Amino acid sequence: MTARNAATILLGPQRRTPNVRETLNRIPEWSRERPTAVVTAGWEDRELEDLPFRQHIEGPVHNLEVFHRMEKVYASDRELHAAVRARHDRMRELKDLHRIRLGHALGAARDLLARGGDSKLLRDEVDDAIESVRRLDSFHADRMAAIQQGFQERVRPWERDAVARHREELRSVLAECPVLCIAGGHVGILLSRMRLLGILDLHADRPVVAWSAGAMALTERVVLFHDSPPQGPADPEIFETGLGVAPGVVALPDADQRLRLDDRARVALFARRFAPALCAALLPAARFEHTGSGVAWHGADGARHLCTDGSVREGAA
Amino acid sequence: MSQVVQALGPHPDPAAIEAFLAEGEFPRVEGRAVTFVWRGDADRVELVHWIHGLEQAQPFQRLAGTDLWFHVLDLPRRSRMEYKLAIHHGGRTTLERDPLNPHLAQDPFGANSVVRGDGYEPPEWAEFDDWARHGEMRRIAVDSRAFGERRVVDVYLPAYYRRTRRYPLLIAHDGPDYVQFASLVHVLDNLIHRHEIPPMIVAMTRATDRMQEYAADRRHSDFLVDELLPTLDAELPLVPDTAARGLLGASFGAVASLACAWHRPGVFGRLMLQSGSFVFTDIGDHGRGPIWDPVVEFVNAFRKTPGLPAERIHLSCGVYEGLIYYNRSLVPLLQDTGAEVRFLEARDGHNWENWRDHLRSGLTWLFPGPLWMTYE
C-alpha cells in the first residue's frame, strides 16, 4: 500500500478534546446524511462500545467490527489462526533480539550527546552513532517486513474463504461510506486485523481520519515509544511496517504525556533518528493533514513536531 | 542555632514571632536541614518519630526570652517522616500533631504529622483522577470452615468489567486499610486507565484477629486457597494461571502472604511483600514478645527450606524501619529459589504511605499492562 490521492488526516487522542467531527466537516466528501465507517478494533472486545463516537459524530455510523470479524475467522479457520500466531511469535523473537542491539546503539548515541561540547571530533562520533541507530532501525524494519511479506505470500489470507466472505461484506458496507475513521487502542491488534481483512484496500482512494494508534497504523513505520514507563522497555523502537498510507511521518500520540519534550537531547536524538520523516506530536485537538502528494504534511490547531535541534515547533515544517 | 530561627534576630518580640510563623511553611525544609518550631508554654518539647536508628525523642530548644521552641533535624533527600510532638508541661505530657504542619498521614490508629524531605513528592498516580475510568466495589461473603465464621471480602472490579473477559486476581491483606490509608482504589483506577497494569480484580480481605491469623497461621492459608479462591473463581471470570494470581500484604500481612505461598505452593505466582515482619533468629531469642513466636518459627523454617514460593516477588521496605535488616536478608535467599525478585527501599518508615508509594512499582512489575502497545 502506498500514498493515496485522497486526504489522510491524523489526530491526537479523542477522549478529552474530540475533534473528529470538526475534521469531518472540513472533508468535502463527508456528509452527515451518509454513514461514516469506523474501525475500533484497537479496543479489542470493547470494540462495539462506540457510543461516544456516535454521539460526537451526530450522524450514521457503520462500525466495521474488525476485531469481532477476525475472532469469527479464527474460530472457523484454525490454520490461519495458527499461522498468525506463528508469525507473531517469530516477530516477537526478532523484537527481543533487536532490543539487545538497540539498547547498546542508543546508549552509545545518548552518552556521546551527553558529553556536550562542539568539537568536530565529537560531532563526527555523534553523527555516526546516530547513523548506526538508523541502520539498525532499517535492518530491523526490513526483517519484520520480510516476515510479514512471507506470511502474506504463504498464507494468502484474502484468498481464504472465511476472510473472503467478510471482505465481500465489508466492501458493500464501505461502498456506502465516503470516509473511514480509525480509532486508537492496541496498535498491534489494530494493525494486524486491518491488514488481514485489507480494510484500506477495500476503502480505496477515499479520505481516512485516524487518531492515536489508528494514526500510527497508517504510517510507513510504526514507532512504539514512552520515555518514562514504570517498567519494561523505554527505548523507542520500530514495531513493524505500517499500512503506509501516511508517508513520511512518525505518529506520536499523547507525545506530551509519553515523551520528555523538554529534554532537548532526547528530542534531537528522536528527530535525527527518524529524519527526514516528520515526527508529529499528535496532541489533543491537533491535526495533521496529507493530501496525497509526496510527503508534505500540513499541521493545524496546535500541531507540533519534534526538530533535529531538540526543539518542538508548531506546525508540520 | 537554626539558620531559619536565626533570621528572627536576637530577642524577638511576640509580634515578630507571629510574623515569622505566618510566613512560609513549617517545618521548614532547606536541603537536608529541617527546622521544626512550636510555640507555647512548656517545660520541655520533643519531636517523637519512628525512625529506626535515631533517638526516638529529639529535644527542642527554647529561643531565649521567648515561648518559641525549635529543633533542626538532618533529614536525607527524598525522605518522608511521620512524627508527633511531645509537650511536657506541669508534670503532664501530651502527644500531639504539629499544629503548624498541614500534612497528615492517616493510619488505623489515628493520624501523624508528616514532613516531606527535600525531593520527596507524594505520587500523583495515587490521587483521585476524574478522567480515569473508575472501578466498582462489590462485597461477597465466604462461610469459612477454617475460621468457623462468615468472612466478608470487598472485591474491586475494574472499569468496563464484564463476565466475558478474564482477569488477573490480587488478594490484598488488610484490603480496607489499603483502600483507606494507601489509596489502593485510586491507584488501581489510575494504573489501569493508563494501561500500566491490566484490568484486574482485587479481593480485599480483613482479619478478625490479625496478629494471630497473619502470623503464618495455616488456617489463613487454607481459607485463602480452599475457600476464598474457589468462591472468587465461581463468581468471577479469573485467568486460570498462577502468573495471574497474586498476594499483597504489608507488615504481618506480608508474612501472611509469604506463608500462604509457602504452605500452598503453585497457587499464587506473584507476591508483593511490603515491610514484611520477617523476623528470624540464627541464635538466641528474638526478644519481641510471644506474639512474634509463630512468625519467627515460620521465617526460620522458610529460611531452611524455602522451595519456590512464587515465580515473581516484589519486596519493599523503608530504610527507617527496624525490619530493614530482615527484609534485606530475605532478598538473596529468595533469589536463590529461582524466583525473579525485585527489592526497593525508600527513606521512609513502617507506615501506609510508604506502602502506597511502592504500589506502582510493585503492581506494574508483577502485572505489567499493555502501555507499550496501547495509544488511546
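Rules of the game
Sequence order as written defines the numbering, with residues in each chain counted from 1. Labels follow written order: the first chain is A, the first ligand is 1, and so on. Two thresholds apply to this predicted model, a pLDDT of at least 70 for residue-level local features and 80 or more for giving and counting side-chain atom pairs, whereas whole-chain, interface and lining totals are computed over all residues. The basis for every side-chain value is the complete set of non-hydrogen atoms in the structure, without hydrogens or water. To pair, rings of Phe, Tyr and Trp, with the six-membered ring standing in for Trp, must have centres within 6.5 Å; the planes then decide the type, stacked if under 30 degrees apart, edge-to-face if over 60, and tilted in the middle. Here a strand is any run of E in DSSP of at least two residues, a helix any run of H or I of at least four, and the numbering for each starts at the N terminus. Exposed residues in this analysis have more than 50% of their type's maximum accessible area, buried residues have under 20%, and partly exposed residues fall in between, with area computed by a 1.4 Å probe over protein chains only. Note on criteria: charge over ring means Lys NZ or Arg CZ within 6 Å of the ring centre, with the direction from the centre no more than 35 degrees off the ring normal. One fewer than the residue count of a helix, multiplied by 1.5 Å, yields its expected span. Here, residues are in contact when the closest pair of their heavy atoms is within 4.5 Å. Buriedness of a pocket was judged along seven lines, with at least five required to meet protein on both sides within 12 Å; pockets are open sets of points on a 1 Å grid over the protein atoms alone, cavities are sets where a 1.4 Å probe fits but cannot get out, and lining residues have an atom within 4 Å of a point. Grid points are joined across faces, edges and corners, and a volume is the space filled by probe spheres set on the points. Any residue that is not Ala, Val, Leu, Ile, Met, Phe, Trp, Tyr, Cys, Pro, Asp, Glu, Lys or Arg is counted as polar, Gly included; the first ten are nonpolar and the last four charged. To qualify as a nonpolar core, a set must consist of buried Ala, Val, Leu, Ile, Met, Phe, Trp, Tyr and Cys residues joined through side-chain atoms within 4.5 Å. For two strands to be treated as a pair, DSSP must find at least two bridges joining them. Here the bounds of each domain stem from an automatic or database domain assignment. What gets called buried area is simply the loss in accessible area from a 1.4 Å probe that two parts show on being joined, summed for both. Whenever a carboxyl oxygen of Asp or Glu lies within 4 Å of a side-chain nitrogen of Lys or Arg, that contact is scored as a salt bridge. Angles run from 0 to 180 degrees between N-to-C directions of axes, and those axes are lines fitted to C-alpha atoms, restricted for helices to the stretch in contact.

Draft legend 1. Representation of the packing of aromatic side chains. In total, this model carries 17 aromatic pairs over all chains according to the counting rule given. Ring geometry for Trp262 of chain B and Phe302 of chain B: centres 6.1 Å apart, planes at 75 degrees, overall edge-to-face. Linking Trp262 of chain B in helix 7 (residues 252–263) with Phe302 of chain B in helix 8 (residues 293–304), this pair joins segments that are 40 residues apart in sequence. Under the relative-accessibility criterion, Trp262 of chain B is labelled partly exposed at 21%. Residue classification places Phe302 of chain B among the buried positions, given a relative accessible area of 1%. What links up through ring pairs into an aromatic cluster is the set Tyr178, Phe181, Trp352 and Trp355 of chain B. Sitting above the plane of the Tyr160 of chain B ring, Arg46 of chain A keeps its charged end 3.9 Å from the centroid. The ring of Phe151 of chain A has Arg87 of chain A sitting right over it, with the charged end atom 4.6 Å from the ring centre.

Draft legend 2. Focus on helix 4 (residues 78–114) of chain A. Residues and elements named next belong to chain A. With 37 residues, helix 4 should reach 54 Å at 1.5 Å per residue; the first-to-last C-alpha distance of 52 Å fits that figure. Of the surrounding elements, those touching the buried residues of helix 4 are helix 3 (66–76), helix 5 (120–155), helix 6 (161–175), helix 7 (187–197), strand 8 (237–241) and helix 11 (264–274). A positive phi of about 70 degrees marks Gly116, the residue just after helix 4.

Draft legend 3. Representation of empty space enclosed by the protein within the structure. Summed over all chains, the structure comprises 2 cavities of 30 Å³ or more. Approximately 130 Å³ is the volume attributed to the largest cavity. Lining the largest cavity, in full, are Leu106, Arg110, Asp227, Pro236, Leu259, Arg260, Arg266, Val267, Leu269, Phe270, Arg273 and Leu306 of chain A. Contributions of two or more residues to the lining of the largest cavity are made by helix 4 and helix 11 of chain A. The element that contributes the greatest number of residues to the lining of the largest cavity is helix 11 of chain A, accounting for 5 residues. Residue composition of the lining of the largest cavity, by class: 7 nonpolar, no polar and 5 charged. By volume, the second largest cavity is sized at about 40 Å³. Of all the secondary-structure elements, those providing two or more residues to the lining of the second largest cavity are strand 11 (136–144) and helix 6 (218–235) of chain B.

Draft legend 4. Fine view of the nonpolar core. Judged by nonpolar contacts, the single largest core of 77 residues is most densely connected at Val39, Leu64, Leu180, Leu218, Phe270 and Leu306 of chain A. Broken down by element, this core gets its largest block of residues, 7 residues, from helix 7 of chain A. Here Val39 of chain A is in contact with Leu64, Val66, Leu180, Cys181, Ile182, Ala183, Leu190, Met194 and Ile199 of chain A, once residues within four sequence places are set aside. Membership of the second largest hydrophobic core comes to 58 residues, among which are Leu232, Val267, Phe278 and Val299 of chain B.

Draft legend 5. Broad picture of the pairing of strand 13 (residues 169–172) of chain B. All names here are of chain B. Alternating positions in strand 13 separate into two faces, Leu169 and Ile171 on one and Leu170 and Ala172 on the other, with burial throughout. Pairing of strand 13 with strand 14 (residues 201–204) involves 4 bridges; the strand directions are parallel. Considered in strand 14, the bridge of Ile171 is made with Ala203. Bridge count for strand 13 against strand 15 (residues 245–250) is 4 bridges, and the pairing is parallel.

Draft legend 6. Fine view of the domain arrangement of chain B. Residues and elements named next belong to chain B. As far as domains go, chain B holds domain 1 (3–116) and domain 2 (124–366). In this complex, domain 1 contributes 15 residues to the contact, which on the side of domain 2 involves 13 residues. When domain 1 packs against domain 2, close to 1,100 Å² is buried across both sides, 51% of that on carbon and sulfur atoms. Counting across the interface, domain 1 meets domain 2 through 2 salt bridges.

Draft legend 7. Main features of the sheet that holds strand 4 (residues 180–182) of chain A. Residues and elements named next belong to chain A. Ordered in space as 3-2-4-6-1-11-12, the 7 strands form an open sheet in which the pairing is mixed. With one partner strand each, in any of the chains shown, strand 3 (61–63) and strand 12 (298–300) form the two edges of the open sheet. Across this sheet, the average inter-strand angle for adjacent strands is 20 degrees, counted without regard to direction. Both strand 11 (residues 287–290) and strand 12 contribute to a ladder of 3 bridges, which runs antiparallel. From the neighbouring strand, Phe288 faces strand 12, where its bridge partner is Gly299.

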